Amino acid sequence: MSKLAKILHETMKENNYSLILRTLYHLQPIERVRLVQQTSLSSSTVTRCIAELIDAGFILEVGTSERAKLGRKPVKLKINPEAFNVLIVDIGAFKTNYALGFADGTLEKLESLNTPDSFEEILDEVNKLLTSYKKVEVVAFSIPGMVDVKSSTILFVPSKGWRDIKIEIEGKVVYADNEANLAMISEAFEREEIRTSKCSVFVTVREGFGTGVWINGSIFRGPSFTAGEFGHTTFDVHSKNPCHCGNTGCVETYVSLSSFFGENYSYFMSYLSEKGWRENPEILEYINLLSRALSNIVNALNPEYLIIGGDLSGIDGEFYEMLGEFTKRYSLEHAAKILKVMPSTFTTDTYLYGALYAVIEEYLIPHMVRKITKK
């Protein structure tokens, strides 16, 4: 076999394994026959790849399907949760959540602590947890700011003033990304219509206002990793409202929940549990203001889906309907026609799941494929 033919053969093998694993993640538990149908690979290729993945301990056979009426019932397959562990750290302005993630996309929440002023204190807590969870291979961070994903370097976290912090943990792979990017990844992982969209945007609203931008099948981070910072675009040129970023009049200083309702904004949620919240002038003012900010995103990017999350997750469905109506009203006609405004898939733990799914997509699957194909 020539060198070129060998390279092409190895590339094809890697692509086959990647396709099978990604299909498993999205559709597990799944039978071999359905894998053949979903991937369009040959039955022999799927059978061979699955056998190697089972031998490697990455896939489990978990009972039989009830689909077959006659003959032997097909065996269902799923990812082995114990094949991989990741420690996940979701840093918020007020709270930092820690969780243990597993290879099958599930997680176990460990603890929630007040976010310290220094990043070093978070690393101290991580190292303490690692003494108890020795199987962890990757430590993944959800950061409320700008991150160089390639070098795992925090570029700037406006709410904390953190700048140029390269995250290093001895003996572990480190993965870090912006929280809104991770939330967008979680949506694409869970929803096929989002995954296959030309453009979708996740908007995270809590202590700040951030967006994760999905374009043609992947997150768009920009060449210097600052794409999607719509919270730091100017909302009012005459404003003297100071923003953590050093500017004034930023979108975030108007429409983040802490800016509009105050740092103890939990009472906002109690408003939405009341039947008459649609007549509440403060809620209506907030929806009007937020929809103005969202329409700027719509007019700039023309997304098919606008997903609303952060602390706006899991609230009254009519809130999203009204927000969608207002946003379309302020958006360009042709952009508004295709736009769908929807709540996030996860009502809690969005960033924890996003970090786990990002590690699965960008580290675990490629690592497993290389491990098997290079044997």
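So, here's what we can say about the structure.

Scoring rules and cut-offs
Residues numbered from 1 in each chain as written. Predicted model: local features only at pLDDT ≥ 70, side-chain atom pairs only at ≥ 80, totals over all residues. Heavy atoms only, no water. Helix = DSSP H or I, 4+ residues; strand = E, 2+ residues; numbered from the N terminus. Expected span 1.5 Å × (residues − 1). Buried < 20%, exposed > 50% of the residue type's maximum accessible area, 1.4 Å probe, protein only. Contact = heavy atoms within 4.5 Å. Polar contact = N/O pair within 3.5 Å; in protein donor to acceptor, adjacent residues only side chain to side chain. 1 Å grid on protein atoms, 1.4 Å probe; cavity = no way out; pocket = protein on both sides within 12 Å on 5 of 7 lines; lining within 4 Å. Points joined across faces, edges and corners; volume = space filled by probe spheres on them. Nonpolar A, V, L, I, M, F, W, Y, C, P; charged D, E, K, R; others polar. Pairing = 2+ DSSP bridges. Axes fitted to C-alpha atoms, helices over the stretch in contact; angles between N-to-C directions. Parallel < 35°, antiparallel > 145°, perpendicular 65-115°, else oblique. Left-handed = near helix turned anticlockwise from the far one by under 90°. Core = buried A, V, L, I, M, F, W, Y, C linked by side-chain atoms within 4.5 Å.

1. Remarks on the environment of Lys198
And step 1. Position of Lys198 relative to the elements: it lies in the loop between helix H6 (192-195) and strand S12 (199-205).
And step 2. Counting along the chain gives 106 residues from Lys198 to Glu304, while the straight-line C-alpha distance between them is 7.4 Å.

2. Examining helix H11 (residues 317-330)
And step 1. Over its 14 residues, H11 extends 21 Å from the first C-alpha to the last, a length consistent with the 20 Å expected when each residue adds 1.5 Å.
And step 2. Of all the positions in H11, only Phe319, Tyr320, Met322, Leu323, Gly324, Phe326 and Thr327 are classed as buried.
And step 3. In this structure, the buried residues of H11 make contact with helix H9 (266-272), helix H10 (281-301), strand S15 (305-310) and strand S16 (340-343).
And step 4. A distance of 2.9 Å separates the backbone nitrogen of Glu318 from a side-chain oxygen at the start of H11, and that oxygen is part of Asp316.

3. A few points about empty space enclosed by the protein
And step 1. Applying the stated criterion across every chain yields a total of 1 cavity of 30 Å³ or more.
And step 2. The space that makes up the largest cavity amounts to roughly 90 Å³.
And step 3. For the largest cavity, the lining is made up of 13 residues, of which Asn178, Asn181, Phe225, Ala227 and Glu229 are closest to its centre.
And step 4. Listed by contribution, the elements that provide at least two residues to the lining of the largest cavity are strand S8 (146-148), strand S11 (173-178) and strand S13 (209-215).
And step 5. Tallied by class, the residues present in the lining of the largest cavity amount to 4 nonpolar, 6 polar and 3 charged.

4. Let's talk about the side chain of Asp104
And step 1. When you line up the elements, Asp104 lands in the loop between strand S5 (95-102) and strand S6 (107-114).
And step 2. Reaching out from Asp104, the side chain makes a polar contact with the side chain of Thr106 at a distance of 2.7 Å.
And step 3. Aside from chain neighbours lying at most four places away, what touches Asp104 is Tyr25, Gln28, Lys78, Ile79, Asn80 and Pro81.

5. Regarding the sheet that holds S8
And step 1. One open sheet holds the 3 strands; their spatial order is S8-S9-S10, and the pairing between them is antiparallel. Either end of the sheet is taken by a strand with one partner, and the two such strands are S8 and strand S10 (162-166). Shown here is a sheet whose adjacent strand axes are inclined to one another by a mean of 10 degrees, direction ignored.

6. Some words on the packing of helix H2 (residues 32-39) against helix H3 (residues 43-55)
And step 1. One can describe the packing of H2 onto H3 by two numbers: an axis separation of 9 Å at closest approach and a directional angle of 120 degrees. Classed by the angle they form, the pair H2 and H3 counts as oblique. Here the hand of the crossing between H2 and H3 comes out right-handed. Of H3, the residues touching H2 (which contributes Arg32, Leu35, Val36 and Thr39) are Ser43, Val46, Ile50 and Ile54.
And step 2. Residue classes in the contact of H2 with H3 are distributed as 5 nonpolar, 2 polar and 1 charged.

7. Focus: the sheet that holds S5
And step 1. With respect to topology, 5 strands assemble into an open sheet ordered S6-S5-S4-S7-S11, the strand pairing being mixed. Since the sheet does not close on itself, it has two edges, and those belong to S6 and S11, each with one partner. Recorded for the sheet is a direction-independent mean angle of 20 degrees between the axes of neighbouring strands.
And step 2. The pairing of strand S7 (residues 136-143) with S11 spans 6 bridges and is classified as parallel. Considered in S11, the bridge of Val139 is made with Val174.

8. Thoughts on the nonpolar core
And step 1. Counting residues in each nonpolar core, the largest one holds 56 residues, and the members touching the most others are Ile20, Tyr25, Leu53 and Phe58.
And step 2. Contributing elements (two or more residues each) for this core: helix H1 (3-27), H3, strand S3 (75-79), strand S4 (85-91), S7, helix H5 (179-190), S15 and helix H13 (350-373).
And step 3. The residues touching Phe58, leaving out its near neighbours within four places in the chain, are Leu21, Tyr25, Leu53, Lys78, Ile79, Asn80, Ala83, Ala103, Leu364 and Met368.

9. Concerning the pairing of S5
And step 1. The buried fraction of S5 is high, at 7 of 8 residues.
And step 2. In terms of strand pairing, S4 meets S5 through 7 bridges, oriented antiparallel. Looking at S5, one finds that Asn85 is bridged to Phe102.
And step 3. Taking the residues between adjacent antiparallel strands as the criterion, S4 and S5 are bridged by 3 residues.
And step 4. Judged from the 7 bridges that link them, S5 and S6 form a sheet pairing that is antiparallel. The residue bridging Leu100 from the neighbouring strand is Glu108, located in S6.
And step 5. The turn joining S5 and S6, which pair antiparallel and follow one another in sequence, is formed by 4 residues; a positive phi near 90 degrees is taken by Gly105.

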